[in-house]
Amino acid sequence: MAAPPTPDPSLLAGGPAGPRALRPLVETVLAALDEGAAARCGPLPRGGPDAVARRLLTRYGAALPARGTGAHDALHSLVTALAEGAADPADPHCAAHLHAPPLAVAAAADLAAAALNPSMDSWDQAPAASVLERHLTGALAALVHPAGPAPDALVTTGGTEANLLGALLARERLGPRLTLVCGANAHHSVRRAAWLLGLPTPLVLPTPTGALDPRAVAAALDRLDAAGAARALVVATAGTTDAGVIDPLPRLADALAAHRARGAAALHVDAAYGGPLLLSDAHRAKVAGLERADSVTLDLHKLGWQPVAAGLLTVPDTAWLAALSQRADYLNAEDDTEAGLPDLLGRSLRTTRRPDILKVAVTIRALGTTGLAALVDSVCDAARALAALVAAEPRLTLWAPPTISTVLFRPAGAADEQVAAIRRRLLAEGRAVLGRACAPDAAGRPALWLKATLLNPQVQHSDLAALIKLVLDQADHPPEPEHLESTETTETTETTETTQTTETTQTTERPESIAKDGSR
């Protein structure tokens, strides 16, 4: 039998012939994903940064070859190499970050978006996609702002862009003399937004309980008034990166009420992590007060299980988005708009952008909101189960019961250097991906904690028990200081973690719900 023809890498993904061109390439990709995952055989590759780089670059070869190797070879070799060197969020022991395993149905929808390639900056590039985006973003915004006059949402690349948009819209509504007020628990993107917009350095309030204190906010606003500061945007958090703590949103809204009534303040809530709790009957009360915000950040590539990126910025009134309007004759000429062609240019800070709404729409249609809520409930249940295992193990210390799906813990009596070394050894050996966070210990002293952020709705109790055992084994059998080795088939590679890219960590006091002895 003759071998199947080699796929032509110059064929187009769209048009009537697109599906025929894609089908064999997709099969190649799927086979390569299988092979790469089998070679990795764990949550991330062994050996640390140097070994991963060496394996990938050896397989890659010349970065800019004059002659190509063909579609099959290029896809097979590089996808296999990338899969072998990936941190796999679908592995139950890959639990460091707000890095969710995407649903297969969402990833399949993303393939369609890539093949059709609508560009969401003008209607004539995205006729159906633009309708789908307006339809679904309005419905999602109405979940957040049910009493808003005309809820609306913009699709973003994630929380950083959405927080920037929230600050920008507040500046346009309240005036240029705007000061951002946030807690020490706020995401680093709040400070970045102030810098990008040319605003003063944010007023950062201590968060000794891990959450923003409404009384401290009220006092800060009074001080700003007394100092002659014109306006303030208070940024609250519904699900901190370090521990999943949710600020007391109703009390914060109350603290701002008088200032908001006279147009002197606004409330933005970064609910990138905790926002999808709105879908869950069991957990919705944790984000009560979200509906009182002037703008809200949501990330559906966290508790929405979407491929990156899938963020939103919601507002209660679409009229507030008018500040983003721009005119470019080739995209939204005034006479075209008057003739009825939709104006998309004011729907983002970006011009060219992908139809990220398609994967979200497919997911919601496939699962329904109750199906998504079940996934939310599952990871929250898993976090409680892990916390119970930690609390029951005398060799470990639990920081606090989880609010969402993040659990902080550490070996009892360990020094910070030991905690950091345990995490790095697990990374170097490819056994587990745990995060790190700074938070007070039972005596109120700053301490380093291991962080497990559970976003895999299929994680089993046995997986959690195995993760605990991995940590305890490392704590019980520490290697020689400053000399970490990892064995890879035929070579021993000395590894050090040259860079540590972690979510911003803040030093906070222990929540009042946790006793000094660590009991709940």
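Residues numbered from 1 in each chain as written. Predicted model: local features only at pLDDT ≥ 70, side-chain atom pairs only at ≥ 80, totals over all residues. Heavy atoms only, no water.

Overview of the pairing of strand β5 (residues 265-270)
Item 1. With respect to burial, β5 is a largely interior element, 6 of its 6 residues being buried.
Item 2. With burial as the criterion, each face of β5 is covered, one bearing A265, L267 and V269 and the other bearing A266, H268 and D270.
Item 3. Sheet topology note: the strand β4 (residues 231-237)/β5 ladder contains 6 bridges and is parallel. Bridged to V234 within β5 is L267.
Item 4. Note that the unit made of β4, helix α9 (residues 249-261) and β5 has a crossover that is right-handed.
Item 5. In this sheet, strand β6 (residues 295-299) lies alongside β5 in parallel orientation, the contact comprising 3 bridges. Each residue of the ladder has a partner; that of D270, found in β6, is T297. (Buried < 20%, exposed > 50% of the residue type's maximum accessible area, 1.4 Å probe, protein only. Helix = DSSP H or I, 4+ residues; strand = E, 2+ residues; numbered from the N terminus. Pairing = 2+ DSSP bridges. Right-handed = clockwise from strand over helix to strand, strands pointing away.)

Some remarks on the packing of helix α4 (residues 104-116) against helix α12 (residues 357-392)
Item 1. Between α4 and α12, the least distance of the axes is 8 Å, while the angle of their chain directions is 140°. Considering their axes alone, α4 and α12 lie oblique with respect to each other. Here α4 runs over α12; the crossing is right-handed. Here V105, A106, A109, D110, A112 and A113 of α4 lie close against α12, whose contacting residues are L358, K359, V362, T363 and A366.
Item 2. For the contact of α4 with α12, the per-class residue count stands at 8 nonpolar, 1 polar and 2 charged. (Axes fitted to C-alpha atoms, helices over the stretch in contact; angles between N-to-C directions. Parallel < 35°, antiparallel > 145°, perpendicular 65-115°, else oblique. Left-handed = near helix turned anticlockwise from the far one by under 90°. Contact = heavy atoms within 4.5 Å. Nonpolar A, V, L, I, M, F, W, Y, C, P; charged D, E, K, R; others polar.)

Considerations on the sheet that holds strand β8 (residues 396-398)
Item 1. The strand order across the open sheet built from 4 strands is β8-β9-β11-β10, with neighbouring strands paired in antiparallel fashion. In this open sheet, the two edge strands, each paired with only one partner strand, are β8 and β10 (435-440). When the angles between neighbouring strand axes are averaged without regard to direction, this sheet yields 45°.
Item 2. Alignment of β10 against strand β11 (residues 446-453), held across 6 bridges, turns out to be antiparallel.

Remarks on the sheet that holds β6
One key point about sheets: their strands pair by backbone hydrogen bonds, in either a parallel or an antiparallel sense.
Item 1. With mixed pairing, 7 strands are arranged side by side in an open sheet as β1-β7-β6-β5-β4-β2-β3. Each edge of the open sheet carries a strand with a single partner, namely β1 (152-156) and β3 (203-205). Averaged over all pairs of adjacent strands, the angle between strand axes in this sheet comes to 20°, irrespective of strand direction.
Item 2. In this fold helix α6 (residues 159-174) packs onto β1, β2 (178-183), β4, β5, β6 and β7 (311-315), with an angle of close to 170° to the strand it touches most, β5.
Item 3. Along the sheet, α9 contacts β4 and β5; its crossing angle with β5, the most-contacted strand, is approximately 155°.

A word on the side chain of S119
Item 1. Examined against the element boundaries, S119 turns out to sit in the loop between α4 and α5 (127-144).
Item 2. At 2.4 Å, the side chain of S119 and the side chain of D121 are in polar contact.
Item 3. For S119, the residues in contact, after removing those within four places along its chain, are Q125, A126, T352 and R353. (Polar contact = N/O pair within 3.5 Å; in protein donor to acceptor, adjacent residues only side chain to side chain.)

Details of the pairing of β7
Item 1. The element β7 is extensively covered by neighbouring structure, given that 5 of its 5 residues are classed as buried.
Item 2. Taking every second residue as pointing to the same face, both faces of β7 are buried, with G311, L313 and V315 on one and L312 and T314 on the other.
Item 3. In terms of strand pairing, β1 meets β7 through 5 bridges, oriented antiparallel. Among the inter-strand pairings, T156 is bridged to a residue of β7, identified as G311.
Item 4. Note: β6 against β7, 4 bridges, orientation antiparallel. By the bridge assignment, D299 is partnered in β7 with G311.

What to know about a negative patch on the surface
Item 1. Together, D124, D329, E334, D335, D336 and E338 line one region of the surface with negative charge.
Item 2. Residue E338 is classed as exposed on the basis of its relative accessible area of 63%. (Patch = residues over 30% accessible without salt bridge, like charges linked within 9 Å, V, L, I, M, F, W, Y side chains within 5 Å. Areas by Shrake-Rupley, 256 points an atom, 1.4 Å probe, with all protein chains shown as cover. Salt bridge = Lys/Arg side-chain N within 4 Å of Asp/Glu carboxyl O. Lys, Arg positive; Asp, Glu negative; His and termini not counted. Charge placed at Lys NZ, Arg CZ, Asp CG, Glu CD.)

Some details on the pattern of salt bridges
Item 1. Taken as a whole and assessed by the stated rule, the structure comprises 26 salt bridges.
Item 2. A salt bridge links D441 to R445; its shortest N-O distance comes to 3.3 Å.

Side note on the packing of helix α13 (residues 416-428) against helix α14 (residues 461-476)
Two numbers describe a pair of packed helices, the interaxial angle and the distance between the axes.
Item 1. It is the contact of α13 with α14, at a shortest axis distance of 10 Å, that shows an interaxial angle of 115°. Two packed elements cross with a definite hand, and for α13 against α14 that hand is right-handed. Of the residues in α14, those in contact with I422, R425 and L426 of α13 are L470, V471, Q474 and A475.
Item 2. Of the residues in the contact of α13 with α14, the class split is 5 nonpolar, 1 polar and 1 charged.

Considerations on the nonpolar core
Item 1. Grouped together as the largest cluster of nonpolar side chains are 52 residues, with contacts concentrated most on V269, L290 and W305.
Item 2. Elements represented by at least two residues in this core include exactly α5, β1, α8 (214-226), β4, α9, β5, β6 and α12.
Item 3. If you tally residues by element for this core, the top one is α12, at 8 residues.
Item 4. Discounting residues that sit within four places of it in the chain, L290 has contacts with V144, L249, V269, A271, L278 and V296.
Item 5. Counting 28 residues, the second-largest nonpolar core is a separate cluster that includes A383, L454, V459 and L470. (Core = buried A, V, L, I, M, F, W, Y, C linked by side-chain atoms within 4.5 Å.)

Structural notes on helix α7 (residues 188-196)
Item 1. Taken together, the buried positions of α7 are occupied by S189, V190, A193 and A194. Down the axis, α7 shows its buried residues gathered within 145° of arc, on one side only.
Item 2. Check the buried side of α7 and you find it contacts α6, β2 and β4.
Item 3. Directly beyond the C-terminal end of α7, a positive phi value near 70° is found at G198. (Arc of directions from axis to C-beta.)

A look at the packing of aromatic side chains
Item 1. On inspection of all chains with the given rule, the structure shows 0 aromatic pairs.
Item 2. Here the basic side chain of R173 rests over the ring of W320, its NZ or CZ set 3.8 Å away from the ring centre.
Item 3. For the cation-ring pair, R410 lies above W449, with the distance from its terminal atom to the ring centre recorded as 5.6 Å. (Phe/Tyr/Trp six-rings, centres within 6.5 Å; stacked < 30°, edge-to-face > 60°. Lys NZ or Arg CZ within 6 Å of the ring centre and 35° of its normal.)

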